[in-house]
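So you can see what is in the structure, the chains are spelled out below.
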Amino acid sequence: MSILVFAEHDNSSLKQATLSVLAAAKAIGGDVDVLVAGENCGAVAEQAAKAEGVNKVLVADNAAYGHFLGENLADLVAEAGKGYSHILASAGTVGKDFMPRVAALLDVAQISDIMAVVDSDTFVRPIYAGNAIATVKSSDSTKLITVRSTGFDPVSGEGGSASVENLDIVKDAGLSSFVSEQLAESDRPDLATADIVISGGRGMQNGENFKMLEKVADLLGAGVGASRAAVDAGFVPNDMQVGQTGKIVAPQLYIAVGISGAIQHLAGMGDSKVIVAINKDEEAPIFQVADYGLVADLFEAIPQLEEELKKVL
Amino acid sequence: MKVLVAVKRVIDYNVKVRVKPDNSGVDLANVKMAMNPFCEIAVEEAVRLKEKGVASEIVVVSIGPKAAQEQIRTALALGADRGIHIETDEEVQSLAAAKLLKAVVDKEEPKMVILGKQSIDSDNNQTGQMLAALAGMGQGTFASEVVVEGEKVNVTREVDGGLMTVSLNLPAVITTDLRLNEPRYASLPNIMKAKKKPLDATTPADLGVDIAPRLETVKVEAPAARKGGIMVEDVAQLVDKLKNEAKVI
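Residues numbered from 1 in each chain as written. Chains lettered and ligands numbered in written order. Predicted model: local features only at pLDDT ≥ 70, side-chain atom pairs only at ≥ 80, totals over all residues. Heavy atoms only, no water.

Participant: Explain the packing of helix H3 (residues 70-80) of chain A against helix H4 (residues 93-106) of chain A here, please?
Facilitator: When two helices pack together, their arrangement is given by the angle between the helix axes and by the axis-to-axis distance. All names here are of chain A. Contact pair H3 / H4: the axes reach a minimum separation of 8 Å and the direction vectors enclose 50°. The orientation of H3 with respect to H4, classified from their angle, is oblique. H3 and H4 meet at a crossing whose hand is right-handed. Between H3 and H4, the contacting residues are Gly 70, Glu 71, Leu 73, Ala 74, Asp 75, Val 77 and Ala 78 on the first element and Val 94, Asp 97, Phe 98, Arg 101, Val 102, Leu 105 and Leu 106 on the second. (Axes fitted to C-alpha atoms, helices over the stretch in contact; angles between N-to-C directions. Helix = DSSP H or I, 4+ residues; strand = E, 2+ residues; numbered from the N terminus. Parallel < 35°, antiparallel > 145°, perpendicular 65-115°, else oblique. Left-handed = near helix turned anticlockwise from the far one by under 90°. Contact = heavy atoms within 4.5 Å.)

Here it is as structure tokens:
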């Protein structure tokens, strides 16, 4: 078996999620090559070559891939992926965008968002927002898979010494072009990979009050998230959303503040190691999944939490 | 321009999902079904394009059992002009759905196809992208804003870390994210009117598409339940537990 892993990156550094995809590849077994597609992405290729268990790094460095447009990436991966038994990408917005397109071009099914590998053609994935877990078996010659990074402990990013090869495949489908992007600037860790996440819900009442959570987050080195209710209410931007329709997180510690615990939110954080819930409604469903629950008014509890943490950290 | 919208009949998002005791799937007997929430957003966007004078006709298509006509009627009540029902009682996986929709696109030649980014049953997030590939169109996935400008459409997409805007040649495929719009409710007069709007029925065989599944579901299980935790008295106790018992801070 031979596996091609699509590297997720920003043209300067490899995303942590790729190391989790490599762990999924390792669980499948076989030779693992990594495809780095981007523009001026040489540093990413060097990083990928150091990751554990990588046989070869293939680099497609061209302006056509600079903004990760799905149309161009799909044409590239459909060609570069020929001969591989498995093609894997992380289930971030880049992988979710281009991978189904590759599947259609190759006339194979895609297995989305796997959280475990049973064997080389059988995989476990959540359905119904994580309220059911399906085991599915593929009969296609090429298995096209997106990987939920929280399901796999990342392989080491150091110690490997894979060869790096340039791929001379330039695919510009001419269907789409990049216009602009607005990326949130933040010094806090990325939600998807943070060891600690503190999230606020509708109980926060407005966006300004999220500053309270940010203070606690800065003490803990935590990422700041939000429930869909808080996003829908316009308190905070959508890229902070944790849940079925937002980001899936599984940190060591998840602190849910003023979040009732709708199914759709639980689907996004239910795999966290330790869950803390702070809510004034003692009937809130979030308490059923919390390891530590505190029934309290968050506007009193969060400043207290900040003070108590200052004492012990 | 003509806009094609695909909608899917799924379990109502408020229904608590139960796994069947024999682990063959999820129990859908006698549960409330509804239009997939992301598909409602797709219908709403098409209707808004029509209200702005950008879209001239909205065709809504659904694949599924006879009962999927209910969801087509809902879309007609919300403002779509006519419906196409591709009737089948078989399981239709994403690639098969994309091939069926491609057959409809070939016939209808819409300038834009709008779909939900994923359905809340299988959570695949695939059909729109697959359709775009098969039809040779560009794709604006996870859209939070759609602006048509002549023969192009600018789509602002919800991506990891923020927003990204792309320009696509028309015809194009767009898949909706949550913040694209807030769907309206159908009024009673419009529901009555929708009953008289045209709805054509066809089948996968009529369209010449093989819908045999590529993935076999081996089993479906309930997720492992978290064991219940404890309630703490105050913040000081919480911090103590996190530091000394859970050892996570």
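What follows continues from the structure just given.
Participant: Even after reading the chapter, I still don't get the sheet that holds strand S8 (residues 152-159) of chain B, so can you show me in this structure?
Facilitator: Neighbouring strands of a sheet are bound in pairs by backbone hydrogen bonds; such pairs are parallel or else antiparallel. Strand order in the open sheet made by the 10 strands is S11(A)-S9(B)-S8(B)-S7(B)-S10(B)-S6(B)-S1(B)-S4(B)-S5(B)-S11(B), with mixed pairing throughout. Bordering the open sheet on either side are strand S11 (176-183) of chain A together with strand S11 (199-202) of chain B, each of which pairs with just one other strand. Pairs of neighbouring strands in the sheet enclose a mean axial angle of 30°, with direction left out of account. Bridging between strand S6 (residues 112-116) of chain B and strand S10 (residues 172-176) of chain B involves five bridges; their strand directions are parallel. Each bridged residue has a counterpart across the sheet, and for Gly 116 of chain B the counterpart in S10 of chain B is Thr 176 of chain B. Taken strand by strand, helix H2 (residues 69-78) of chain B contacts strand S1 (2-7), strand S4 (57-64), strand S5 (82-87) and S11 of chain B, and its axis lies near 165° from that of S5 of chain B. (Pairing = 2+ DSSP bridges.)

Participant: What is the right way to look at the environment of Leu 305 of chain A in this model?
Facilitator: By secondary structure assignment, the location of Leu 305 of chain A is in helix H8 (residues 298-312). On the basis of relative accessibility, which here comes to 3%, the residue Leu 305 of chain A falls in the buried class. It is 34 Å that separates the C-alpha atoms of Leu 305 of chain A and Val 155 of chain A, two residues lying 150 residues apart in sequence. Excluding its chain neighbours within four sequence positions, the residues that come into contact with Leu 305 of chain A are Val 216 of chain A together with Val 235, Leu 238 and Val 239 of chain B. (Buried < 20%, exposed > 50% of the residue type's maximum accessible area, 1.4 Å probe, protein only.)

Participant: Could you clarify how one ought to interpret the domain arrangement of chain A in this entry?
Facilitator: Residue and element names in this part refer to chain A. Domain boundaries in chain A define domain 1 (2-166) and domain 2 (196-312). Its C-alpha centre places domain 1 at a distance of 31 Å from the equivalent point of domain 2. On the domain 2 side, the residues contacting the four residues of domain 1 number six residues. Inspection of the region where domain 1 meets domain 2 yields zero salt bridges. Inspection of the region where domain 1 meets domain 2 yields zero residue pairs in polar contact (both at pLDDT 80 or more). Broken down by class, the residue content of the side of domain 1 that touches domain 2 amounts to one nonpolar, two polar and one charged. (Domains from an automatic or database assignment. Salt bridge = Lys/Arg side-chain N within 4 Å of Asp/Glu carboxyl O. Polar contact = N/O pair within 3.5 Å; in protein donor to acceptor, adjacent residues only side chain to side chain. Nonpolar A, V, L, I, M, F, W, Y, C, P; charged D, E, K, R; others polar.)

Participant: Would you explain a nonpolar patch on the surface in this entry?
Facilitator: All names here are of chain A. On the surface, a cluster of nonpolar side chains totalling about 210 Å² of accessible area is made up of Leu 219, Val 312 and Leu 313. In this structure, Leu 219 sits in helix H5 (residues 210-220). Among the residues examined, Leu 219 registers a relative accessible area of 31% and is labelled partly exposed. (Patch = residues over 30% accessible without salt bridge, like charges linked within 9 Å, V, L, I, M, F, W, Y side chains within 5 Å. Areas by Shrake-Rupley, 256 points an atom, 1.4 Å probe, with all protein chains shown as cover.)

Participant: Whenever I open this one, the packing of aromatic side chains confuses me. Can you help?
Facilitator: Residues and elements named next belong to chain A. This structure, assessed with the given rule, holds one aromatic pair over all chains. Their ring planes at 55° and their centres at 4.5 Å tell us that Phe 6 and Phe 98 sit as a pair that is tilted. Separated by 92 residues along the polypeptide, Phe 6 in strand S1 (residues 2-6) and Phe 98 in helix H4 bring together distant segments of the chain. For Phe 6, a relative accessible area of 4% puts it in the buried group. (Phe/Tyr/Trp six-rings, centres within 6.5 Å; stacked < 30°, edge-to-face > 60°.)

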